[in-house]
Structures are given as structure tokens and as C-alpha cells.
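Tertiary structure, described
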Amino acid sequence: MIKRWKRYFVIYWKIQLQNIKSLEQYRADFFMMLFFTTLSQACNLSVIGIIYSNIPSVGGWNMWEILILYGYLLFSEGSVNFFFQGAWKITQMLNKAEIDRFLVRPLPVGLQLITAKIDFDGLNKMFLASVIFFLGFSHCRINWRAVKVLYFVITLVIACIIRFCMIWIASCTSFWLGGIKNSLNYFTLTIGEMAKYPLTIYPAVLNMVFAYIIPYAFISYFPASYLLGKSGCLWQNLMIPAVCGIMLFIAGQVLRRGLRRYESNGN
Amino acid sequence: MKKYFTLMKCGMSEGIMYRSNFLTSMLANFIQVAVLFFVWKSIFAYQPVVSGYTWEMMRKYVFVSFLCNSALSFGFEMQAADKIISGDMVLDLLKPVSYRSIVFCRAAGTALIEFFFTLVLVGAVYLAVNGAAGITPIRLLLFLISLVLGQGIKLQIQYFFSLICFYTDNAYGVLKGREILTNFFSGALIPLAMFPDFIRTVIDRLPFSGIVYVPCSIFIGTFPMRECFEALFFQILWNVLLFLAGSIFWKKASSVISVYGG
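Rules of the game
Residues numbered from 1 in each chain as written. Chains lettered and ligands numbered in written order. Predicted model: local features only at pLDDT ≥ 70, side-chain atom pairs only at ≥ 80, totals over all residues. Helix = DSSP H or I, 4+ residues; strand = E, 2+ residues; numbered from the N terminus. Contact = placed C-beta atoms within 7 Å. Rg over C-alpha atoms; globule rule 2.2 N^0.38 Å. Buried ≥ 20, exposed ≤ 12 C-beta atoms within 10 Å, placed from the backbone. Axes fitted to C-alpha atoms, helices over the stretch in contact; angles between N-to-C directions. Parallel < 35°, antiparallel > 145°, perpendicular 65-115°, else oblique. Left-handed = near helix turned anticlockwise from the far one by under 90°. Nonpolar A, V, L, I, M, F, W, Y, C, P; charged D, E, K, R; others polar. pLDDT = per-residue confidence, 0-100.

Looking only at helices and strands, one finds 13 helices and zero strands in chain A. Reading the secondary structure of chain A in the N-to-C direction produces α-α-α-α-α-α-α-α-α-α-α-α-α. Its C-alpha atoms give chain A principal-axis dimensions of about 60 × 40 × 40 Å. When contacts within chain A are restricted to residue pairs at least 6 apart in sequence, those whose partners lie at least 24 apart make up 79%.

Here's what the structure looks like:
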């Protein structure tokens, strides 16, 4: 069992390494994206900056605390782009029956799908997120102990996994919906907008949706409020690993059931 | 003239055909608006006035800005860019109408459909939240004129960016960049009045404010009458300037067309 996973891990990196080599081919694109991503993040941060230049706090959170929420979101988004960008490509692969060649290889289809594509933009996003984290943390009074550092690292990793599962599940709906395009994954991505601000500002219904149906709150709000010592989300924090587990389980099931349903439309 | 109308009709039927794309992109935008709505709500719970805006004005601004920004959605440029990248645009070049008028008329047709959908949605929400108080016929008329001019500006900017795809294959990145840029500088996210002065002076020299901020301000009445007409004049000016810039860029960009077979 462990040996098998180790092998998958090695293969994952081998494929990713091949993907990274493709950067050579798209160098102009890389720099263009570098420019546009940085620009758009600057715009997004300016929105926060401008709001806070007019007022001191939103829902009891100041600007530096909001930046930590933002850091969680941006980092997880970047990690999906870089490590698991294949999740975005599922629809297209199904529609063009490109997935057929994965089915005949002696490797799990999931692993091959994840590594079907790489987006170097993710690196830039993760870098920017690190800068944002640094800015936020250096202005917030956080009592850093070993436990908190560990907690931060773990929640960040979990955030990345949950984020990936969301996109994965949304993309896998293409097994049932068919079609050239699947807008559900873009939709899932944009809902993330709300996770940029503390959950408390939304009405109760939306709170429920964001916390339990599309678990964005577990990506940014709950971890950040623990780090900042805000009260009132202790048990949600304990649930973070559980939510991650559930998402992984659903993601696995969706793929399995989807593949069972899959009929190639020829190649 | 007839051929342009035919193209517009094509655009309309495209708009209806790709409605699921548009609806999701509209819904995505709407989420952004809803988020801002609640952010502002929580802000105004603490202080009654922010940079001259009251909660009553802000409530209107949020919805009207959404209306201004939702037509001419992401889908149309993506399509134009995809055509450029895949080489299908050659078929458009063969037609006895200029490339730009094909793109523009199609987009206008699609935009009409999109605008209608949005109007129904936003109109209902707007009236439910704000009621019909404070809407005067003259402002409404000016608003509509300004809205059309603003859409013109947006279309020209989109055209400009879709032409960048002659030089890169990464359409999504370029167009996403465009979207974020216009959203930010047009006042779709925050009224420009709240921006710090040094950014304001830059923005006042750019065309973006004409897309959202100007029509919105005319509608909710933050612009006095005189300023309304000035703003309309600048919108027209920008339309002309961007049109000229687009022609020049097209001449340059179209010279790099290289299509492999097809």
C-alpha cells in the first residue's frame, strides 16, 4: 500500500518535471502572465486598500487581518494552478475523448488527469500570497508559538487540498453534463470572492452555504480567526481536517462513478 | 446597412445559444456585487457617510454599476480571441465587410440579449431594495445615452485586447487581465470618488471611468447637470480616440497573421 503510493508520488513528480520543461516553449506567455497576474492582484489589493483608506474596519477586522484571509485564498488558488491544474482540463479531455489514452495506461486515471496540465502562473500567485502573508503577519499581533506555526502550515496545506477538491468535483460534473464547456468550475472559483471578507458580515443563509455546502469558510475564515485569536469558531477549527477528508472522499467517488458512466465518443 | 443588421441578428442568436455561459458569468459577477453589497452594509452600520456616499446612494450604486458592467461579458472576447488563435478568423476576413464591423455588430447583438436578461434581474432586485424613488425622466434619458456610450468604450477596449492574441496563445490570461483592469478603473467595484487623489488624477485621464462610474453617477444623481454633459462629451471623445487607436493597432497586428492550412 505505502509502496504503491510512494511510486505514484515519484511518477507524479516525473510527469510534473516534464510539464515544467514545457515552460521553455512558452516563455513569452510566462512573462505575459507574470505581468497580468501581478497587475490583477495589485488591483484586488488596491480595492481592499481603498475601502480601508475610508474606514477603519469591516465586521471588526482591520486591513492586515483581511490580508491573511486573502493570503489563504490566493495561496490555495496558486497551488491548484501549479500542482493540480489538470483538474481544470477534465471537461475538454472528456469532450474530445482525450481521456481514452489515460484509460489504457497502467496508472490511476486520477493521477494522469491531475498532471495533464501545468500553469506556471500558480508559482507567481503562491509567491505573491507569501508576500501578503508576510505583510499581514508583521502587522498583526500574533503570539507565535510552535503550535501556531504548525497549525498555520497544516491549515494552509488543507486549504490547498479543499480548494483542489472543489474544482475537481465541479469539473467532474462534466461526466454527467457533457458539453464543450463547463462553467461550474469558474463559478466555484468566483464564489471564493466572498471568502475575502469575514463571514460575519453575511446574512445567516449565506453563512450556511459558504460554511457547509461550498466550504470556503474552512479555507480562509476559520483558520485565520483562530490564528488571530478571534473568538467563536473553536469547534469549526477542529472540523477542518474532517471537511478535508469528506471533500477528498467525494472527489474520489465522483471520479469513480464518472468513469463508470463514461462512454468515449471516439477519437 | 442591412448586412450589419444581419450580423447583429447572428450575434443575438449566438447570445441565446451560449446563454448558459453568459448566465454563469453573470451569476459570478452578481456574487461579486452581493459580496460588495454586504461589505458596504457592514461598513455603513458603523458610520453613516463614507466619502460623501450614504447607504441609500451606495445601495443604488452597487446595482446600477452591475447593470453597466454586465453586458459585453467575457464570452464575446474569448470567442474573438479563440478565433484569432485557432485561425478561424480567416473566414471573417474573407467576408465583404471589415473585420471590425463583424466583431462589433456580433458583439452588439449579443450584448442586447445580455443586457435584457440583466435588466430584468437587476431591475427587480433594485426596485425591491431601493424602490422607484428618485428616478427622474431626464436623468434616466441621460443615463441611457451614457450607458450606450460606455458600452462603446468597453467594446473598443475589448477589441484592442483581443488583438493582443495575435501575439500570444494565452487568451484567458490576457482577457482576464483586461477584465480586472476595467473592473478596477471603471469604478465597478468601488466608486471612483473614494479613490485616493493621486490615483484619481490618473484615472481621470483614462477612458475606463466612462464604462461604469459616469453612467452610475448620472443615474444616482451625484453629478450635477453641468457635469453630466461634460462627462458625456468625454465619453464621445474617448469613443472616437479608441476607434482610431483600434484601426492603427489592427493594421499592425493583422500583419503578423500566419495561418497553418485551414
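The rest of the description comes next.
Once that is clear, we can look at the overall build of chain B. Summing up its helical and strand segments, chain B has 11 helices and two strands in all. Overall, chain B shows an N-to-C arrangement of helices and strands of α-α-β-β-α-α-α-α-α-α-α-α-α. In terms of overall dimensions, chain B is globule-like: its C-alpha atoms have a radius of gyration of 19 Å, near the 18 Å expected for 262 residues. Each principal axis of the C-alpha distribution contributes one length, and for chain B these read about 65 × 40 × 35 Å. Buried positions account for 45% of the 262 residues belonging to chain B. A sequence separation of at least 24 residues applies to 83% of the contacts in chain B between residues at least 6 apart.

Our focus in this paragraph is unusual backbone geometry. The phi angle at alanine 97 of chain A is positive, at roughly 60°, despite the residue not being glycine. Summarising the element assignment, alanine 97 of chain A is placed in the loop between α4 (90–95) and α5 (100–103). Residue class for alanine 97 of chain A comes out partly exposed when judged on the 14 C-beta atoms lying within 10 Å of it. A positive phi angle, near 45°, is found at serine 51 of chain B, a position not held by glycine. For serine 51 of chain B, a count of 14 C-beta atoms within 10 Å puts it in the partly exposed group.

So, on to the environment of glutamate 77 of chain A. Residues and elements named next belong to chain A. Mapped onto the elements, glutamate 77 comes out in helix α3 (residues 63–83). Separated by 48 residues in the primary sequence, glutamate 77 and lysine 125 have C-alpha atoms spaced 7.5 Å apart. Dropping the residues within four chain positions of it, glutamate 77 is found in contact with Lys125 and Arg163.

Next up on the list: the packing of helix α7 (residues 137–164) of chain B against helix α8 (residues 171–185) of chain B. Residues and elements named next belong to chain B. Two elements in contact, α7 and α8, have axes whose closest approach is 9 Å; the angle formed by their N-to-C orientations is 150°. Classified by the angle between their axes, α7 and α8 sit roughly antiparallel to one another. By crossing handedness, the relation of α7 to α8 is classed as right-handed. Across the interface between the two elements, Lys154, Ile157, Gln158, Phe161 and Ile164 of α7 pack against Val174, Leu175, Arg178 and Thr182 of α8. Class assignment for the residues of the contact of α7 with α8 results in five nonpolar, two polar and two charged.

Time to look at the environment of methionine 58 of chain B. Residues and elements named next belong to chain B. Residue placement: methionine 58 occurs in helix α3 (residues 55–70). Taking the C-alpha atoms as reference points, methionine 58 and phenylalanine 37, 21 residues apart in sequence, are found 8.4 Å from one another. Residue contacts for methionine 58: discarding those within four places in its chain leaves Trp40, Phe44 and Tyr53.

The next subject is the interface of chain A and chain B. With 28 residues of chain A at the interface, the matching set in chain B holds 30 residues. Looking at the side of chain A that touches chain B, the elements with two or more residues in it are α2 (27–54) and α10 (184–191) of chain A. Here the side of chain A that touches chain B gets 14 residues from one element, more than from any other, and that element is α2 of chain A. A per-class count over the side of chain A that touches chain B returns 18 nonpolar, seven polar and three charged.

Turning our eyes to something else, we now look at the packing of helix α8 (residues 146–172) of chain A against α10 of chain A. All names here are of chain A. Where α8 contacts α10, the axes come no closer than 8 Å and their chain directions differ by 150°. Of the possible angle classes, the one that applies to α8 and α10 is roughly antiparallel. You can see that α8 and α10 cross each other, and the crossing is right-handed. Contacts from Met166, Ile167, Ala170 and Ser171 of α8 reach α10 at Leu184, Asn185 and Thr188.

Turning to the confidence of the model for chain A, a few remarks are in order. Here chain A shows a mean pLDDT of 86. Residues at 70 or above account for 99%. The secondary structure element of chain A with the lowest average pLDDT is helix α11 (residues 204–213) of chain A, at 82, and the one with the highest is α8 of chain A, at 92.

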